[in-house]
Amino acid sequence: MAEQLDHWVTGFPPLIAEGAQVLILGSMPGKASLQAQAYYAHPRNAFWPIMATLLDFDPELPYAQRVAALQASGVAVWDVLQSCERPGSLDAAICRHSEQANDFAVLFRRYPDIRQVFCNGDKAWQSFRRHVVIPLELHQLPCHRLPSTSPAHASLNFSAKLAAWQPVADALNLKGKV
């Protein structure tokens with residue numbers, strides 16, 4: 001049992017501000033993010049470079065300024081899972097029976113301007129559909145699966161990931177730089 005507790009991980013609160021229109025969901029922060037206490041902290045994760053390109057900010061800005069740039073553009077970030085058992089950092093290592101979803105009913109009530117949800121990778125997509133869409137009957141809220149920005153998802157290069165993420169900018173009525 002002690003070994004299982006070593007693998008128990010808990011996520012972060014949402015990065016969200018009033019007027020958020022788009023919600024980007026990961027599954028659960030990886031080890032680098034948990035250690036840094038920052039979303040998408042792994043240096044090879046493409047999330048920040050993609051968002052910086054789409055939203056026109058410097059990806060090298062300090063974390064708080066990158067978060068502010070997202071929020072100013074109407075983008076919120078959270079994870080589907082509030083906690084789970086996961087040895088290591090890979091989504092594939094998440095023990096499905098241990099998944100505990102975040103409280104999306106409260107989030108969607110508190111931020112009614114969210115009009116589209118984008119899932120960062122297959123695990124976020126599957127968990128969101130299982131734990132949130134079906135129980136909350138969110139079938140009218142457009143939900144999109146995007147390729148993971150994780151360095152573990154190496155089958156797509158940065159340019160292909162950036163092109164696949166263009167719908168985020170489109171949802172915000174931005175041109176993006178793809």
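Scroll up to find the structure.
Now for a quick tour of the structure. (Residues numbered from 1 in each chain as written. Predicted model: local features only at pLDDT ≥ 70, side-chain atom pairs only at ≥ 80, totals over all residues. Heavy atoms only, no water.)

The next thing to look at is the state of the cysteines. The final tally for this structure, using the stated rule, is zero disulfides. Considering cysteine sulfurs only, Cys 143 is the nearest to Cys 119, which forms no disulfide, with 6.4 Å between them. Here Cys 143 falls in the buried class, since its relative accessible area comes to 18%. (Disulfide = S-S within 2.5 Å. Buried < 20%, exposed > 50% of the residue type's maximum accessible area, 1.4 Å probe, protein only.)

This brings us to the pairing of strand β6 (residues 116-120). With five of five residues buried, β6 is to be regarded as a mostly interior element. With burial as the criterion, each face of β6 is covered, one bearing Gln 116, Phe 118 and Asn 120 and the other bearing Val 117 and Cys 119. Two elements, strand β2 (residues 22-26) and β6, share four bridges in a ladder whose sense is parallel. Bridged to Leu 25 within β6 is Cys 119. Taken together, the four bridges between β6 and strand β7 (residues 143-146) define a ladder with parallel strand orientation. Residue pairing for β7: Val 117 is matched across the bridge by Cys 143. (Helix = DSSP H or I, 4+ residues; strand = E, 2+ residues; numbered from the N terminus. Pairing = 2+ DSSP bridges.)

What follows covers helix α3 (residues 47-55). Each turn of an α-helix holds 3.6 residues, which means side chains three or four residues apart point in the same direction. Within α3, seven of the nine residues are buried, which leaves the element mostly enclosed by the surrounding structure. Within α3, burial applies to Phe 47, Trp 48, Ile 50, Met 51, Ala 52, Leu 54 and Leu 55. Buried residues belonging to α3 abut β2, α4 (63-72), β3 (75-79), β6, α7 (158-164) and α8 (166-171). A positive backbone phi angle near 65° is found at Asp 56, which sits one or two residues after α3. (Contact = heavy atoms within 4.5 Å.)

What the three strands build is an open sheet, ordered β1-β4-β5; its pairing is antiparallel. The open sheet has two free edges, formed respectively by β1 (8-10) and β5 (100-101), since each of these has just one partner strand. Across two bridges, strand β4 (residues 81-85) lies against β5 in antiparallel orientation. When the bridges of β5 are listed, Ser 83 appears paired with Gln 100.

The next subject is unusual backbone geometry. Phi at Gln 37 is positive, roughly 55°, even though this residue is not glycine. For Gln 37, a relative accessible area of 56% puts it in the exposed group. In this structure, Asp 56 takes a positive phi of about 65° despite not being glycine. You can see Asp 56 is positioned in the loop between α3 and α4. Using a relative accessible area of 53% as the deciding quantity, one classes Asp 56 as exposed.

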